[in-house]
Amino acid sequence: MPEQAKKYAVFNNKGGVGKSTIAVHIAYGLALKGEKVLLIDMDEQNDASLFLGFTSEDFAKSFYDLLTGQSICLSECIISARDNLDLLSATHIDRINEKLYKENDIRCFFSHKLQAIEPLGYNYVIIDCGPQRSKINDAVLHFVDGIIVPVQAEAASVKAIGNIYEYLSDLGLDDSMIAMVVPNMFDQRTTDGKENLEFITEFFEDTNIVTPPILRRIKITECGKLGQTVYEYDEDAAMHFEHLVERLVSINGRTK
Ligand SMILES: Nc1ncnc2c1ncn2[C@@H]1O[C@H](COP(=O)(O)OP(=O)(O)O)[C@@H](O)[C@H]1O
Ligand SMILES: [Mg+2]
C-alpha cells in the first residue's frame, strides 16, 4: 500500500496575498524534487491552473463533475501539468458550496469524495483555496493535514492574521495545523515592509512557523501571466520558493 499523501491547504481569508502563486510553486518545487504531487485548484478564479498555463478548456471534466456525475472517475478529471505534477481543477465553486450546505456533516466530505486519490500514489496534495470563509473552505480545512498561510507584508494583511485562528477555532480545528506562515511580497527597501515583517515575526515568536520572506519580484508576477513557474522562467526568483519546499520535505521527514 502506498503511504497516504500529505495534504496541505494554502489558505488565507484575504485575496491577493499570493495563495495561488505559493500553491503552484510549492507543488512544482516538490515535483522537481521527485515527489509525486496533485495540485487541486479550489478557487473559482482558477489562477493556479492559469499560472501553470491551463484554462478551463483544457479540462474535459473537473472536480464538480466528479461530485455530480454518476460514473465519472477521478483520473478523468486530472490532467498532467508537468512531470510528477498533476492538476485537478474545480469549476462551479458556487454550486459545490450549495451542495455542501445540504450535507449534514462536511468533515469527511473530501476524504470521502477524493478517496480515489490514495491509490494513485501521490506524496503530496496541495490545495489552492479561494479567499474567505466558505463551506468549501470549511471542508478543505477538515480534509488537510496542514495549512500554509501566505501573509502579504502590508498593514491590512498583517492585521488580518488573527482571523485565521478564529476560523480554525470555529471549525473545532487546532491551530497547530498551521504548518507555515509565509510573508510574501516583502519589499526590504521600505520602512513599512520592514515594520510589517517585524510584526509578523513578533506575532509568531513562540513558534517556528514563519518562513523567510518571499520578496516582491516582477519576475514572479510576469511568469504567472505567461503560464509558467519561476522555476522555468527565472532561477533567481525560484530560490525564494525553494526554502518553503525544503521545509515541507523536512516536516514530512522524506528525502529522495
Ligand atoms: N512575491 C511576489 N512578487 C511579485 N508578484 C507576486 C508575488 N506573489 C504574488 N504575486 C502576484 O500578485 C498577484 C496576486 O497573487 P495570487 O497568488 O493570485 O494571490 P491570491 O491567490 O492570494 O489571490 C498575482 O498577480 C501574482 O502574480
Ligand atoms: Mg488565488
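A brief structural summary. A quick note: this is a predicted structure, and the numbers were derived from the prediction, not measured.

### What to know about the site of ligand 1
- Around ligand 1 there are 17 residues in total, and Gly 16, Lys 19, Ser 20, Thr 21 and Thr 221 lie nearest to it.
- For ligand 1, an oxygen atom lies 2.7 Å from a polar atom in the backbone of Gly 16.
- Take Thr 221: an N or O atom from its side chain is 2.9 Å from a nitrogen atom of ligand 1.
- Compared with its free state, where it exposes 560 Å², ligand 1 has 84% of that area covered by protein.
- Taken together, the elements giving at least two residues each to the shell around ligand 1 come down to helix H1 (19–32), helix H2 (47–51) and helix H11 (218–226).
- When residues in the shell around ligand 1 are grouped by element, the largest group, 3 residues, is from H1.
- Partitioned by chemical class, the residues of the shell around ligand 1 number 6 nonpolar, 7 polar and 4 charged.

### Some thoughts on the pairing of strand S2 (residues 37–42)
- Among the 6 residues in S2, 6 count as buried, and that is most of the element.
- Across the two faces of S2 the burial is the same, with Val 37, Leu 39 and Asp 41 and Leu 38, Ile 40 and Met 42 all buried.
- Strand direction decides the pairing type here: S2 and strand S4 (residues 85–89), joined by 5 bridges, are parallel. When the bridges of S4 are listed, Leu 39 appears paired with Leu 87.
- For S2 and strand S5 (residues 124–129), the ladder comprises 6 bridges, and the chain directions are parallel. Residue pairing across strands places Leu 38 opposite Val 125, the latter belonging to S5.

What counts, and where the lines are drawn
Numbers given for residues are sequential positions, taken from 1 along each chain in its written order. The lettering of chains begins at A and the numbering of ligands begins at 1, in the order of writing. Local features are withheld for residues below a pLDDT of 70 in this predicted model, meaning they are given only at 70 or higher, and side-chain atom pairs are given and counted only at 80 or more; totals for whole chains, interfaces and linings count all residues. For side-chain calculations, the full set of non-hydrogen atoms in the structure is used, while hydrogens and water are omitted. Whether a residue is near a molecule or strand is decided by its heavy atoms; if any one of them lies within 4 Å of it, the residue is near. Counted as a polar contact is a pair of N or O atoms within 3.5 Å, where, for protein atoms, one must be capable of donating a hydrogen and the other of accepting one, and residues adjacent in sequence contribute only when both atoms are in side chains. Accessible surface area values rest on a Shrake-Rupley calculation with a 1.4 Å probe, where residue burial reflects the displayed protein chains alone. Per the convention used, a helix needs a DSSP run of H or I reaching at least four residues, while a strand needs a run of E reaching at least two, with both numbered from the N terminus. The nonpolar class holds Ala, Val, Leu, Ile, Met, Phe, Trp, Tyr, Cys and Pro. Asp, Glu, Lys and Arg form the charged class, and all remaining residues, Gly among them, are polar. Type-normalised accessible area, obtained with a 1.4 Å probe on protein chains alone, sets the label of each residue: buried when under 20%, exposed when over 50%, and partly exposed for intermediate values. Strand pairing is assigned whenever DSSP detects at least two bridges linking the two strands.

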